[in-house]
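Observations on the model geometry
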Amino acid sequence: MWLWFSKLGSPKWFYELSSKWLPWLVWPLAIVLSTAVIWALLYVPADYQQGDTSRILVVHVAVAATSLSFFPLMAVAGTITLVWKMKLADMVAKNAAPLGAWFSFLTLATGSIWGSASWGTWWEWSDARLVSMLFQLFLLLGVISLRSALEDTDKAASACALLSIVGCINVVIIKYSVEWWNVLHQPSTPLSATADNPNGPDFWGAVVLMVLAMYLFIAVSLILSTRNEILQRERRSQWVQALVTKAN
Amino acid sequence: MIEAIQFSSFSEFLAMGGYADKVWPVYFLFAVLIAVNLIAPNLKRKRILKDLKRRAVLGGNGASAQANPDSSTEVQ
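Everything in this summary refers to the structure shown in the same document. No experiment lies behind these values; they were computed from the predicted model shown.

The rules behind these values
- As a convention, each chain's residues are numbered from 1 in the sequence order in which they are written.
- Note on labels: chains are lettered from A, ligands numbered from 1, in written order.
- Reporting in this predicted model follows two pLDDT cut-offs: at least 70 for local features of residues, and 80 or more for side-chain atom pairs to be given and counted; totals over whole chains, interfaces and linings ignore these cut-offs and use all residues.
- Side-chain measures were taken over the full set of non-hydrogen atoms in the model, leaving aside hydrogen atoms and water.
- By definition, any uninterrupted DSSP run of H or I lasting at least four residues is a helix, any uninterrupted run of E lasting at least two residues is a strand, and each is numbered from the N terminus.
- Working definition: with a 1.4 Å probe on protein chains only, accessible area under 20% of the residue-type maximum means buried, over 50% means exposed, and in between means partly exposed.
- Two residues form a contact once any of their heavy atoms are found within 4.5 Å.
- Residue burial considers only the protein chains on display, and all accessible areas are found by Shrake-Rupley using a 1.4 Å probe.
- We count Lys and Arg on the positive side and Asp and Glu on the negative side, and we leave His and both chain ends out.
- The atom standing in for a charge is NZ when the residue is Lys, CZ when it is Arg, CG when it is Asp and CD when it is Glu.
- Any two cysteine sulfur atoms within 2.5 Å of one another count as a disulfide.
- What counts as buried area is the accessible surface, traced by a 1.4 Å probe, that two parts surrender upon association, with contributions from both included.
- Any carboxyl oxygen of Asp or Glu that lies within 4 Å of a side-chain nitrogen of Lys or Arg is treated as forming a salt bridge with it.
- Identification of polar contacts relies on pairs of N or O atoms within 3.5 Å, with a donor-acceptor requirement for protein atoms, meaning one able to donate a hydrogen and the other able to accept it, and with residues adjacent in sequence counted only if both atoms are side-chain atoms.
- Each residue gets one of three labels, nonpolar for Ala, Val, Leu, Ile, Met, Phe, Trp, Tyr, Cys and Pro, charged for Asp, Glu, Lys and Arg, and polar for the others, Gly among them.
- Note on terminology: a nonpolar core comprises buried Ala, Val, Leu, Ile, Met, Phe, Trp, Tyr and Cys residues joined through side-chain atoms within 4.5 Å.
- Note on method: axes are straight lines fitted to C-alpha atoms, helices fitted across the in-contact stretch only, with angles between N-to-C directions ranging 0 to 180 degrees.
- Geometric relationships in this document are graded by angle, where less than 35 degrees denotes roughly parallel, more than 145 denotes roughly antiparallel, 65 to 115 denotes roughly perpendicular, and other angles denote oblique.
- In this scheme the crossing of two helices becomes right-handed for a clockwise turn of the near helix relative to the far one and left-handed for an anticlockwise turn of less than a right angle.

Attention now goes to the overall build of chain A. Summing up its helical and strand segments, chain A has nine helices and zero strands in all. Going from the N terminus to the C terminus, chain A shows its helices and strands as α-α-α-α-α-α-α-α-α. Viewed in the frame of its principal axes, chain A has a C-alpha envelope of about 65 × 35 × 35 Å. Each of the 248 residues in chain A was classed as buried or not, and the buried ones make up 51%. Taking the intrachain contacts of chain A between residues at least 6 apart in sequence as the baseline, contacts between residues at least 24 apart amount to 74%. Carbon together with sulfur atoms contributes 69% to the accessible area of chain A, which is approximately 12,000 Å² in total. In chain A, which carries 16 positive and 14 negative side-chain charges, the distance between the mean positions of the two groups comes to 16 Å.

Tracing the backbone shows leucine 42 of chain A in helix α2 (residues 11–43). Among the residues examined, leucine 42 of chain A registers a relative accessible area of 21% and is labelled partly exposed. Considering only alpha carbons, one finds leucine 42 of chain A and arginine 55 of chain A, 13 residues apart in sequence, at a separation of 8.8 Å. What leucine 42 of chain A contacts, discounting residues up to four positions off in sequence, is Arg55 of chain A together with Ala4, Ile5, Gln6, Phe7 and Phe13 of chain B.

Tallied over the full model, the rule gives zero disulfides over all chains. Summary of cysteine pairing: cysteine 160 of chain A is not part of a disulfide, and the nearest cysteine sulfur, belonging to cysteine 168 of chain A, is at 14 Å.

The next point concerns unusual backbone geometry. You will see that lysine 85 of chain A, though not glycine, has its phi angle at about 55 degrees, which is positive. Examined against the element boundaries, lysine 85 of chain A turns out to sit in the loop between α4 (70–84) and α5 (87–118). For lysine 85 of chain A, a relative accessible area of 61% corresponds to the exposed category. Not every positive phi belongs to a glycine, and methionine 16 of chain B is a case in point at roughly 50 degrees.

To continue, consider the interface of chain A and chain B. Often, the extent of an interface is quoted as the loss of accessible area on bringing the components together. Facing the 49 residues of chain A at the interface are 41 residues of chain B. Taken together, the two surfaces of chain A and chain B that pack against each other cover about 4,000 Å², and 71% of this comes from carbon and sulfur. At the boundary of chain A and chain B, one finds zero salt bridges. For the pair chain A and chain B, the interface holds seven residue pairs in polar contact (both at pLDDT 80 or more). Breaking the side of chain A that touches chain B down by element, the ones donating at least two residues are α2, α3 (54–67), α5, α8 (201–233) and α9 (238–246) of chain A. Class assignment of the residues belonging to the side of chain A that touches chain B gives a composition of 33 nonpolar, eleven polar and five charged.

The biggest cluster of nonpolar side chains holds 77 residues, and the ones touching the most others in it are Val58, Phe103 and Met214 of chain A together with Phe30 of chain B. Examining the composition of this core, we find that 16 residues originate from one element, α8 of chain A, more than from any other. Dropping the residues within four chain positions of it, valine 58 of chain A is found in contact with Ala40, Val44, Phe203, Ala206, Val207 and Met210 of chain A together with Tyr27 of chain B.

In this section: the packing of α4 of chain A against α5 of chain A. Residues and elements named next belong to chain A. The contact between α4 and α5 brings their axes to 9 Å, and the two run at 165 degrees. Our classification of the angle between α4 and α5 gives roughly antiparallel. Both α4 and α5 take part in a crossing whose hand is left-handed. On the side of α4, the interface is formed by Phe70, Leu73, Met74, Ala77, Ile80 and Thr81, while α5 contributes Ala89, Asp90, Ala93, Ala96, Ala97, Leu99, Gly100 and Phe103. Of the residues contributing to the contact of α4 with α5, the split by class is eleven nonpolar, two polar and one charged.

A word on the side chain of serine 221 of chain A. The topology assignment puts serine 221 of chain A in helix α8. One polar contact links the side chain of serine 221 of chain A to the main-chain carbonyl oxygen of asparagine 37 of chain B, over a distance of 2.9 Å. Not counting residues up to four positions away in its chain, the partners in contact with serine 221 of chain A are Leu99 of chain A together with Asn37 of chain B.

See the structure below:
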């Protein structure tokens, strides 16, 4: 178990393993994502009140739901960094922050566009769901700037790990904001098994597929950027040197 | 499969039931998210490999990388 753990923490081992694994993630991503997009654009039924804006929700709900996974991911990686000083965990955490910021921004942007059509307003400061999601974006930007402000890699890793752990509180607030406060944003709707329901399988099937696509996308994007991080941080090691010469 | 499609023509599809100005920007932003976060790491990887190769050629095995650690900023 411990041997496996220390092996997993080895950047070289991760680099070699991910070289083999990547195609097995990229292909499912391509298939699931294109199916989800086609389903959302062509097959999701238009809502009887809100028309074709239901197609926005497939993207919005999937991106929003998966955007909540970044702080827990960074907190777990951060804890591993703090406790076991595992470099690989910090590399993942470092690259998760900008991707998480992208997801948070897209959640706000798509939600805002949807709101402008459905609520008649782009933004509502009194809505706890909206504000707490905006706060998540700022927190992630905070993690990114904290990292770039601290020159010492180890210090930056520890500071970002702590902020990521604290940031998880906000994830809980985002999640339950629609229940704790009376807000404009609707709470999550129970799924229905009947096809004639607006929230029936024709709709949530696309959402579930899109959520799966987003997790695959996060995995692929994070693996790609972590591999870059490994090449940079390990550039003096023998195996990276060998890899570079071999690429000639 | 074809019968289940919600639109009867391509122009109807583009019109999105009057919500074209809302639906298409969302899918455009979504496409940007996907494209940027897949293409950017690949471009960066090419840059890093090129840079490391250049250094290997310049100063032999690894020595150059240690000789000028500051040049790592170019890779950012």
